[in-house]
Amino acid sequence: MNDSTPSKKDKPNLTEMRRSARSFALQALYQWSMAGQSANEIEAQFRVDNDMTRTDVQLFSELLRGVTSGSKDLDEAYRPFLDRPLTDLDPVELSVLRIGAYELIHRLQVPYRVAINESVELAKVFGATESHKYVNGILDKLAQRVRAAEIRARRAAD
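Please read these numbers as outputs of a predicted model, since none were measured by experiment. Position numbers for residues count from 1 along each chain, tracking the sequence in the order it is written. A pLDDT threshold of at least 70 governs which residues receive local features in this predicted model, and a stricter bar of 80 or more applies before side-chain atom pairs are shown or counted, although totals over entire chains, interfaces and linings include all residues. With hydrogens and water stripped out, all remaining heavy atoms of the structure feed into the side-chain values.

Asks: Which parts of the structure should I look at to understand the environment of Asn-13?
Replies: Helix and strand definitions here come from DSSP, where helices need a minimum of 4 consecutive H or I residues and strands a minimum of 2 consecutive E residues; each element is numbered from the N-terminal end. Along the polypeptide, Asn-13 turns up in the segment before α1 (14-35). Considered as a pair, Asn-13 and Thr-55 are 42 residues apart in the sequence and their alpha carbons are 9.7 Å apart. For the purposes of these results, a polar contact is taken to be a pair of N or O atoms within 3.5 Å, where, inside protein, one atom must be able to donate a hydrogen and its partner to accept one; residues adjacent in sequence count only when each atom of the pair is a side-chain atom. Looking at Asn-13, its side chain comes within polar contact range of the main-chain nitrogen of Glu-16, at 2.8 Å.

This is the structure:
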């Protein structure tokens with residue numbers, strides 16, 4: 001193999017590409033919540049300013065657009081499980097919860113455990129020290145409501 005031949009390590013797998021998309025989406029959503037820019041503007045900026053060759057760009061776009069356009073509905077979906085007002089949530093936690101809720105509600109092809117785990121991992125990387133535990137608890141309760149049949153089927157199979 002010569003230097004110009006890419007190795008298998010050079011090509012990310014689908015899981016890595018999706019994880020990158022979620023990470024970029026979280027950062028873009030944080031920017032959206034803090035700066036008030038439009039999703040279109042933020043997406044264009046992210047595509048120009050970041051190397052997205054190892055990213056599922058379609059998922060990045062879906063998460064950014066889906067969360068920004070449906071944030072009120074997503075917030076209402078998990079609001080009953082919060083122990084504080086929505087306005088008291090850290091902006092990173094809020095963005096992570098919105099991504100997790102979006103995936104649980106709208107991306108049924110993603111197993112509920114994957115949706116929760118990916119959000120917990122985002123909270124571990126970007127959130128406060130214990131925020132991943134909070135995110136896990138909220139999304140687990142939401143999953144029990146919106147993915148009850150999937151959860152029952154998994155428990156029956158175990």
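Asks: Looking at this structure, how should I read the pattern of salt bridges?
Replies: When their charged atoms lie close together, side chains carrying opposite charge are able to pair. Just to be clear on terms, a salt bridge is a Lys or Arg side-chain nitrogen sitting within 4 Å of an Asp or Glu carboxyl oxygen. All told, the structure shown has 15 salt bridges when counted by the stated rule. Between Arg-98 and Asp-75 there is a salt bridge; the shortest N-O distance is 2.7 Å. Pair noted here: Arg-98 is in helix α4 (residues 91-106) and Asp-75 is in helix α3 (residues 57-78), with a separation of 23 residues, a long-range link. You can call Arg-98 buried: its relative accessible area is 9%. Residue classification places Asp-75 among the buried positions, given a relative accessible area of 5%. Throughout this description, buried means an accessible area under 20% of the type-specific maximum (1.4 Å probe, protein chains only), exposed means over 50%, and partly exposed covers the range between.

Asks: I would appreciate a short explanation of the packing of helix α5 (residues 112-126) against helix α6 (residues 131-146) in the present structure.
Replies: Axes are the key here: two packed helices are described by the angle between their axes and the distance separating the axes. Note on definitions: angles span 0 to 180 degrees between N-to-C directions of axes, and those axes are lines fitted to C-alpha atoms, for helices only across the stretch in contact. Where α5 meets α6, the axes come as close as 8 Å, and the angle between the chain directions of the two elements is 160°. Judged by the inter-axis angle, α5 sits roughly antiparallel to α6. Once α5 is placed against α6, the crossing between them reads as right-handed. For the pair formed by α5 and α6, the contact residues are Tyr-112, Ile-116, Ser-119, Val-120, Ala-123 and Lys-124 on the first element and Ser-131, His-132, Val-135, Asn-136, Leu-139, Asp-140 and Ala-143 on the second. In terms of residue class, the contact of α5 with α6 is made up of seven nonpolar, four polar and two charged. Oblique is the label for any angle not covered by the other classes, which are roughly parallel (under 35 degrees), roughly antiparallel (over 145) and roughly perpendicular (65 to 115). Here is the rule for handedness: rotate from the far helix to the near one, and if that takes an anticlockwise turn smaller than a right angle the crossing is left-handed, while a clockwise turn gives right-handed. Note on definitions: a residue-residue contact is assigned when non-hydrogen atoms from the two residues lie within 4.5 Å. All residues other than Ala, Val, Leu, Ile, Met, Phe, Trp, Tyr, Cys, Pro, Asp, Glu, Lys and Arg, Gly among them, are scored as polar; the first ten of these are nonpolar and the last four charged.

Asks: So what exactly am I meant to see when it comes to the nonpolar core here?
Replies: Taken as a class, soluble globular proteins show a tendency for nonpolar side chains to be buried jointly. Among buried residues, those of type Ala, Val, Leu, Ile, Met, Phe, Trp, Tyr and Cys that are joined through side-chain atoms within 4.5 Å constitute a nonpolar core. Among the nonpolar cores identified, the biggest contains 43 residues, and Phe-60, Tyr-78, Leu-82, Leu-97 and Leu-104 are the most heavily contacted of them. For this core, the secondary-structure elements that each account for two or more residues are α1, α2 (39-49), α3, α4, α5 and α6.

Asks: What am I meant to see in the packing of aromatic side chains here?
Replies: Any pair of aromatic rings gets described here by the distance separating the centres and the angle formed by the planes. Classification of ring pairs uses Phe, Tyr and Trp, with its six-membered ring standing for Trp, and accepts pairs whose centres are within 6.5 Å; under 30 degrees between planes counts as stacked, over 60 as edge-to-face, and the remaining range as tilted. One pass over the structure, following the stated rule, counts three aromatic pairs. Aromatic pair Phe-24 and Phe-60: ring centres 6.5 Å apart, planes at 80°, arrangement edge-to-face. Taken as a pair, Phe-24 in helix α1 and Phe-60 in helix α3 lie far apart in primary sequence, 36 residues in all. Phe-60 shares its class with Phe-24; the two are buried. Through successive ring pairs, a cluster of aromatic residues spans Phe-24, Phe-46 and Phe-60. Cation over ring: Arg-84 sits above Tyr-134, and NZ or CZ is 4.2 Å from the ring centre. Comment: the charge-over-ring label is applied if NZ (Lys) or CZ (Arg) is within 6 Å of the ring centre and within 35 degrees of the ring normal.

Asks: Even after reading the chapter, I still don't get the side chain of Glu-93, so can you show me in this structure?
Replies: Checked against the element boundaries, Glu-93 lands in helix α4. Since its relative accessible area comes to 8%, Glu-93 is described here as buried. If we skip the residues at most four places from it in the chain, Glu-93 touches Arg-84, Ser-131 and Tyr-134.

Asks: Got a minute to help me understand the packing of α4 against α6 in this structure?
Replies: In contact at an axis separation of 10 Å, α4 and α6 are set at 25° when each is read in the N-to-C sense. Relative to α6, the element α4 is oriented roughly parallel. When the axes of α4 and α6 are compared, the crossing they make is right-handed. Note on element contacts: α6 touches α4 through Ser-131, Tyr-134, Val-135, Ile-138, Leu-139, Leu-142, Ala-143 and Val-146, opposite Glu-93, Val-96, Leu-97, Gly-100, Ala-101, Leu-104 and Ile-105. The residue inventory of the contact of α4 with α6, partitioned by class, reads twelve nonpolar, two polar and one charged.

Geometric descriptors of this kind do not, in isolation, establish any biological role.
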